[in-house]
Number of protein chains: 2
Amino acid sequence: MRTHTCGDLNSGHVDQKVRLCGWVKNIRVLSETLVFVHLRDAYGSMQLLAEQSRMPQFAEHRRVLELLNPDTLVDVCGTVVRRPENMTNDGEKTGQIELLVDQIQVLNHAEPLPFSPYIKGKLPNEEVRLAHRYLDLRRPELQHNIRLRSKTTSAIRQFMDDNGFVDIETPMLFKSTPEGAREFLVPTRVDPGTCYALPQSPQQFKQMLMAAGFDRYYQIARCFRDEDLRADRQPEFTQIDLEMSFVTKEDIQSVIERLIQRVWKTIKQVDIQVPFPRMSFAEATSKYGSDKPDTRFGLEITQLSDLIPDEHTVVEALVIPDGAELLTTRDLVPFNDLVGNNQKNKESKLTTIHKVNSQGVTGLSKSTLISRWLAGSSDVLDQQQRQAKLSSLLNSISAKSGDLLFVSERSIYVTPANTTLGRVRSLAAKALQEKNALTIPSDKYNFLWVEDFPLFTRESDDAHGKLSATHHPFTAPVEGDLPLLNTDPAKVHGQHYDIVLNGVELGGGSIRVHDPAVQSYIFKNILEHSPSVQDSFSHLVTALGHGCPPHGGIALGLDRLVAILTDSTSLRDVIAFPKSANGRDLFMHAPSVATKEQLAEYGICVATPKNGSRKPSTILATDPAHHEK
Amino acid sequence: MRTHTCGDLNSGHVDQKVRLCGWVKNIRVLSETLVFVHLRDAYGSMQLLAEQSRMPQFAEHRRVLELLNPDTLVDVCGTVVRRPENMTNDGEKTGQIELLVDQIQVLNHAEPLPFSPYIKGKLPNEEVRLAHRYLDLRRPELQHNIRLRSKTTSAIRQFMDDNGFVDIETPMLFKSTPEGAREFLVPTRVDPGTCYALPQSPQQFKQMLMAAGFDRYYQIARCFRDEDLRADRQPEFTQIDLEMSFVTKEDIQSVIERLIQRVWKTIKQVDIQVPFPRMSFAEATSKYGSDKPDTRFGLEITQLSDLIPDEHTVVEALVIPDGAELLTTRDLVPFNDLVGNNQKNKESKLTTIHKVNSQGVTGLSKSTLISRWLAGSSDVLDQQQRQAKLSSLLNSISAKSGDLLFVSERSIYVTPANTTLGRVRSLAAKALQEKNALTIPSDKYNFLWVEDFPLFTRESDDAHGKLSATHHPFTAPVEGDLPLLNTDPAKVHGQHYDIVLNGVELGGGSIRVHDPAVQSYIFKNILEHSPSVQDSFSHLVTALGHGCPPHGGIALGLDRLVAILTDSTSLRDVIAFPKSANGRDLFMHAPSVATKEQLAEYGICVATPKNGSRKPSTILATDPAHHEK
């Protein structure tokens, strides 16, 4: 219908006849013979001038225009003219021109809108906006985000094509797995009482594609997780999923580095240096207290375990320079809360906060291990000896008067994604930024590979605790650690790698087990799967034994990637139709109560709740941010 | 790991050191000092030569090689050399060269395979192959199909990018709709007892994207339908889905014509002529007895309704030239079956088969309307008059001695996708091809737009039968028919268009209703939705009234498109992990029985079947091949 969009037009079009379709922004009746209409579409805006002298039945037109609500759709024909010099607007793309209207026609009347999406300061709360998502999506920010997301996937696909990857769709109607505690079930009427499950990732299928001889697979895949929703989690999410045969860890990392380079260059016109630095999980947790450290700032943690030999405990310290001076009692409230709450975590034993002053350190006796060390093990030390010992300790961790000091003790048997001091570090960075005592540049992109994770994680704070797969049971052990599988599996490292950007985990992957005997051993002897669970994975073990090549892969979270590229604080701002924080589609009104008749077709019925058994499932303490499951 | 694939190598690599990874095809021990290994990967094959003189510990290597099963994975280093002249093989890409092995190492041993995917004639039945899909996918045909599918989607995406379409993901966790009789439900534990539904298409979301101001949307979208599976239906399927604002039917058709041109050019190096011919639904059903006619051959149907005025009945004839002579009694069995079975359809009244001979026509008296017409309405005709009347009838339909003649009567109140004579026409084309009396070129691509469908279809053979939407309730009426909405809605044509290729429906779309009043009127007054159903669509009507532009779109079935491009007879041959004919994943073993505990988490339980109420839902008589729902 239209010849141009508002975004197309500029002074070069002066004297041309054009036809535009767009939304009425506002209408100003200047006089009986002159009406200004501001028009907008997805690409820009344009000033229209309706004049009596040019339009037959102008008075009638004027009466119609006067009554139009904003966001009414009109179809307008006219001639592009230059604006009078005193009326130009350099801030607008079409600020030098306007359209002299020949004809204007209403395409669709708009009722008064529940809110205007164009006035940033006047937006209603998110619930109201989600209930009218089609209006909210007219916001310039969301238009930009969703369009940029499309450009991003296009750049990714182009890169994958260029590198010989085959785009293969894997099923959404997958098998319910015995361990899939957080999966959605899909009953089917083809065989009432049976269910498919929605996949948490295409993991098993992509490994089978490697067995099938597709040696470079990729997919931008929808995945699902039915869990209590926390900030920035959606029940459905999208990941860039890939898998390769005959490769090493370095091959996959190199592909991802070049992919990231391409995306940043295309979308942000920024050159990213490759290769990205590598850091071991051990270093990341001991130095930064996190398996996804933000390395744009220091505030590093110091290990004191060598100082205080307790073979079951890690002792570590974090110094916040000038923290005791900069932070008020009020500022310290969240720190006290955090330290208090973290005592409940299974790995955390005790974390204490101290101020360093010229006299020494406040309340150091609260830290049981350090006060015991200061007191000396065999002899009773005098005050001077204790002071000297303390000074040497403070020296070793570079703590000076005015600093804030955190000392933490935790179990060696459980290594969490974030230690207490890791959380303190993030909180401190935020607090120091607010005091202008620390600057974290937002245009700095510190990509980082975190590697050498333990292949298995203890489920309890106990040297003999049951082992579970740190990431997933298909991850291959580091070659050199293979003998430890039999003797000390908790010491085995996995060929897993996470890609981290500025403290955010973008994704993770691994080289997989391809030897059926190793895979069976892990299922049976280490993870201690029951025979029925072993059975449910037997087709995979069989496939490994039918000529499956060595292979590995990775998955990156697309939603998070686009959120970073658009500087969005919420994933909901980069998804066209997100669910609300509690998993609801507030526009379509999903989920909804299914009728008895609907359920009966699937051979199921609504259960009668017993003793409040309808409570939500428990939240897992560890952060399962890894996409490949 | 590898430096090349088998597909990379040719005579240009002679004297180069290379490293290959691949599957052992076969091993021939030629002598104590010489072993031939044939290696294959996804890109080609290569002959390896292991010689005692070049390899330390050759004897040991030979013993290992001797015992390897086919499809064992090996990693081999060596030098490319030219084959002796008497051993070259011009049929193979690497037939001029071979690899002199320095080192060979087993990457993964293969157990004996349940079947070899490489010997075409020896494949087991499809069930066995689906149960080992990773092996079946090694078949060169499936490798080709899946890789070509990726090339196809890549070409499509490139085209959409070039034309300014924005790729937008819409939710898979959708709302259960009151009319969605064939949708999958997804219970969620976030609110036990409530369900999402998997979308049958992104229809509502893409219309909301238009309301949001994204004027060119596309998506390659997964869709779901839980129904009794017939040939070539999968519970999940993929469609190329697009929607545009401010457009006419012709704009969308033009985009699709250029898209098809691009795909055929990229994938098959064939130039497709555009624009495609347009045909009205009325012409398609009256001439070809189908709303998706194969126009590569004639065998057109002739309408006799003018001849025999019965205002409730359509009378039509199909002549199969020389059919009475070419087809034996045995050949006619399927025709008799078809004609017999079709009497059960609600629109079909009577179809009779006749042989034309020099004396006249056999058994024409069985056709009640024609025999009545021959007998004359007012006067009694003599034999000669009858003969003359018959001759003129046969003349008018070009029937001659030796032809086979089908005469059919059907109700005017129901217009099916395929009439009885339409089915006879397809069957006849097949039969004549087998007799070499008809040639249908497989490399001819007769694209066709079928248009001007009735907007509503009667649900019963009755002038006052309830109306339902022929395609979906969002299709806009043809502008000129708008007044008929009030007076005679059954006569309203819709702005719907189907794209048909050689008798196969590739997809369909329409211009949508954008006026909230028209949409409400259709829901309430024509489709007679109950208040609760109206309520479930009210958010859409509201959105139309908040400045939704005029818009329209289309969806093409990707699986079917790729099946045509690869000449596959089954959709399962173009899907990496298809479900079996009865909806099962025979490799993963889905769907599976959910445990009571799993179901209890969702607040549901397995219903006790009452009086065998677990029967599958009834199959709808009409063919719902349209993708947009």
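Residues numbered from 1 in each chain as written. Chains lettered and ligands numbered in written order. Predicted model: local features only at pLDDT ≥ 70, side-chain atom pairs only at ≥ 80, totals over all residues. Heavy atoms only, no water.

So, on to the overall build of chain A. Secondary structure summary: chain A contains 18 helices and 24 strands in total. Once the C-alpha set of chain A is aligned to its principal axes, its extents read approximately 105 × 70 × 55 Å. Per-residue burial over chain A gives 56% buried out of 629 residues. In chain A, once contacts between residues fewer than 6 apart in sequence are set aside, the share between residues at least 24 apart is 67%. Accessible surface, chain A as shown: approximately 25,800 Å² in total, 50% of it carbon and sulfur. For chain A, the distance from the average position of its 70 positive side-chain charges to the average position of its 78 negative side-chain charges is 4 Å. (Helix = DSSP H or I, 4+ residues; strand = E, 2+ residues; numbered from the N terminus. Buried < 20%, exposed > 50% of the residue type's maximum accessible area, 1.4 Å probe, protein only. Contact = heavy atoms within 4.5 Å. Areas by Shrake-Rupley, 256 points an atom, 1.4 Å probe, with all protein chains shown as cover. Lys, Arg positive; Asp, Glu negative; His and termini not counted. Charge placed at Lys NZ, Arg CZ, Asp CG, Glu CD.)

Take the relation of the copies chain B and chain A next. Between chain B and chain A, the superposition needs a rotation of 180° and an axial shift of 0.0 Å, giving an RMSD of 0.0 Å. Both chain copies can therefore be described as sitting about a two-fold axis. When the interface residues of chain B are mapped onto chain A, 99% of them again fall at the interface, so both copies present the same face. (Least-squares fit on C-alpha atoms with pLDDT ≥ 70 in both.)

With that settled, consider the side chain of Q219 of chain B. Note that Q219 of chain B resides in strand 9 (residues 216-224). One polar contact links the side chain of Q219 of chain B to the main-chain carbonyl oxygen of I168 of chain B, over a distance of 3.4 Å. Looking at Q219 of chain B, its side chain comes within polar contact range of the side chain of Y217 of chain B, at 2.9 Å. Each residue touching Q219 of chain B, except ones within four places of it in the same chain, is listed here: R222 of chain A together with D167, I168, E169, T170, P202, Q239, I240 and D241 of chain B. (Polar contact = N/O pair within 3.5 Å; in protein donor to acceptor, adjacent residues only side chain to side chain.)

Quick look at the interface of chain B and chain A now. Of the residues lining the interface, 124 residues belong to chain B; the matching set on chain A comes to 123 residues. A combined buried area of about 10,500 Å² lies between chain B and chain A, and 58% of that area is made up of carbon and sulfur atoms. Ranking the residues of chain B by area buried against chain A places F246, H546 and M588 of chain B at the top, with a combined share of 8%. At the junction of chain B and chain A, the tally comes to 8 salt bridges. We note a salt bridge from D215 of chain A to R2 of chain B, for which the minimum N-O separation is 2.7 Å. Taken together, the connections running from chain B to chain A amount to 59 residue pairs in polar contact (both at pLDDT 80 or more). Considered class by class, the residues forming the side of chain B that touches chain A number 65 nonpolar, 32 polar and 27 charged. As paired strands, strand 8 (residues 194-197) of chain A and strand 23 (residues 592-593) of chain B are joined by 2 bridges and run antiparallel to one another. Across the sheet, residue C195 of chain A finds its bridge partner in strand 23 of chain B, namely S592 of chain B. (Buried area = accessible area lost by both parts, 1.4 Å probe. Salt bridge = Lys/Arg side-chain N within 4 Å of Asp/Glu carboxyl O. Nonpolar A, V, L, I, M, F, W, Y, C, P; charged D, E, K, R; others polar. Pairing = 2+ DSSP bridges.)

This next bit is on the sheet that holds strand 7 (residues 185-187) of chain B. As summarised here, the arrangement of the 3 strands in space is 23(A)-8(B)-7(B), forming an open sheet in which the pairing is antiparallel. Unpaired on one side and paired on the other, strand 23 (592-593) of chain A together with strand 7 of chain B mark the two borders of the sheet. With 3 bridges joining them, strand 7 of chain B and strand 8 (residues 194-197) of chain B adopt antiparallel strand pairing. Bridging from a neighbouring strand, P187 of chain B pairs with C195 of chain B of strand 8 of chain B.

All names here are of chain A. Contact pair helix 9 (residues 329-342) / helix 12 (residues 420-434): the axes reach a minimum separation of 10 Å and the direction vectors enclose 165°. Between helix 9 and helix 12, the crossing angle belongs to the class labelled roughly antiparallel. The two elements helix 9 and helix 12 cross, and the hand of that crossing is right-handed. Within the contact between the two elements, helix 9 uses P334, F335, L338, V339 and N342 and helix 12 uses T420, R423, V424, L427, A428 and A431. Among the residues making up the contact of helix 9 with helix 12, the classes are represented as 8 nonpolar, 2 polar and 1 charged. (Axes fitted to C-alpha atoms, helices over the stretch in contact; angles between N-to-C directions. Parallel < 35°, antiparallel > 145°, perpendicular 65-115°, else oblique. Left-handed = near helix turned anticlockwise from the far one by under 90°.)

Cis geometry marks the peptide bond from V274 of chain A to P275 of chain A, where omega comes out at -5°. Following the sequence through the fold, P275 of chain A ends up in the loop between helix 6 (249-268) and strand 11 (278-280). Residue P591 of chain B is reached from A590 of chain B by a cis peptide bond, and omega for that bond is -5°. Relative to the assigned elements, P591 of chain B resides in the loop between helix 17 (558-565) and strand 23. With phi around 70°, D71 of chain A is a residue other than glycine that occupies positive phi space. Among the secondary structure elements, D71 of chain A is positioned in the loop between helix 1 (58-67) and strand 4 (73-82). Residues other than glycine seldom take positive phi values, yet D322 of chain B does so here, at roughly 60°. Of note, D322 of chain B is situated in the loop between strand 13 (313-320) and helix 8 (323-326).

Looking now at the sheet that holds strand 17 (residues 447-451) of chain A. Across the sheet, which stays open at both edges, the 8 strands sit in the order 6-9-10-22-21-20-17-11 (chain A) with mixed pairing between neighbours. Taken across any chain shown, the strands that pair with only one partner, and hence form the sheet edges, are strand 6 (166-167) and strand 11 of chain A.

Under the criterion given, the structure shown has 1 disulfide over all chains. C77 of chain B carries a free sulfur, and the closest cysteine sulfur to it, the one in C21 of chain B, is 8.4 Å from it. C77 of chain B gets classed as partly exposed once you look at its relative accessible area, which sits at 24%. C223 of chain A provides the cysteine sulfur closest to C223 of chain B, a residue in no disulfide bond, and the two sulfurs are 17 Å apart. (Disulfide = S-S within 2.5 Å.)

Our next topic: helix 9 (residues 329-342) of chain B. Residue and element names in this part refer to chain B. Look at helix 9: 20 Å from first C-alpha to last across 14 residues, which is about the 20 Å you get at 1.5 Å a residue. Turning to helix 9, its buried residues number three or more, namely L332, F335, L338, V339 and N342. As for helix 9, its buried residues are in contact with strand 13, strand 14 (348-357), strand 16 (404-411) and helix 12 (420-434). (Expected span 1.5 Å × (residues − 1).)

A word on the packing of aromatic side chains. Residues and elements named next belong to chain B. Enumeration according to the criterion identifies 30 aromatic pairs over all chains in this entry. On the basis of an interplanar angle of 75° and a centroid distance of 5.5 Å, the ring pair of W264 and Y445 is categorised as edge-to-face. One end of the pair, W264, is in helix 6 (residues 249-268); the other, Y445, is in the loop between helix 12 and strand 17 (447-451), with 181 residues separating them in the sequence. Its relative accessible area of 0% is what places W264 among the buried residues. When the ring of W449 is compared with that of Y497, the centres are 6.0 Å apart and the planes differ by 85°; the resulting orientation is edge-to-face. Within this pair, whereas W449 is found in strand 17, its partner Y497 is found in strand 20 (residues 496-501), the two being separated by 48 residues in sequence. (Phe/Tyr/Trp six-rings, centres within 6.5 Å; stacked < 30°, edge-to-face > 60°.)

Moving on to the pairing of strand 10 (residues 236-245) of chain B. Residues and elements named next belong to chain B. For strand 10, the buried fraction is high: 10 of the 10 residues fall into the buried class. Residues E236, T238, I240, L242 and M244 line one face of strand 10 and the alternating positions F237, Q239, D241, E243 and S245 line the opposite face, and both faces are buried. Pairing geometry for strand 9 and strand 10, over 9 bridges, is antiparallel. The residue of strand 10 that forms the bridge with Y217 is E243. As paired elements, strand 10 and strand 22 (residues 551-557) share 7 bridges and run antiparallel to each other. Residue pairing for strand 22: S245 is matched across the bridge by H551.

Let us look at the pattern of salt bridges. Oppositely charged side chains may form a pair once their charged atoms are brought near each other. Within this structure, the stated rule accounts for 72 salt bridges over all chains. We note a salt bridge from D331 of chain B to K435 of chain B, for which the minimum N-O separation is 2.7 Å. You can see D331 of chain B sitting in helix 9 and its partner K435 of chain B sitting in the loop between helix 12 and strand 17, a full 104 residues away along the chain. Owing to a relative accessible area of 34%, K435 of chain B belongs among the partly exposed residues under this scheme. One salt-bridge network, held together by shared partners, links R149, R222, E236, D559 and K579 of chain A together with E169 of chain B.

Let us look at helix 11 (residues 383-396) of chain A. All names here are of chain A. Here helix 11 is 14 residues long and its end C-alpha atoms lie 20 Å apart, about the 20 Å a rise of 1.5 Å per residue gives. Within helix 11 the residues assigned to the buried category are L390, L393 and L394. What you see down the axis of helix 11 is that its buried residues fit within an arc of 95°, all on one side. In helix 11, the exposed residues that point more than 90 degrees away from the buried face are Q384 and N395. On its buried side, helix 11 packs onto strand 14 (348-357), strand 15 (360-361), helix 10 (368-375) and strand 16 (404-411). (Arc of directions from axis to C-beta.)

Another point: empty space enclosed by the protein. With the rule as written, the count across this model stands at 15 cavities of 30 Å³ or more. Secondary-structure elements contributing two or more residues to the lining of the largest cavity are helix 4 (140-162) and strand 9 (216-224) of chain A together with helix 4 (140-162) and strand 9 of chain B. Residues belonging to the lining of the largest cavity are distributed by class as follows: 7 nonpolar, 5 polar and 10 charged. (1 Å grid on protein atoms, 1.4 Å probe; cavity = no way out; pocket = protein on both sides within 12 Å on 5 of 7 lines; lining within 4 Å. Points joined across faces, edges and corners; volume = space filled by probe spheres on them.)

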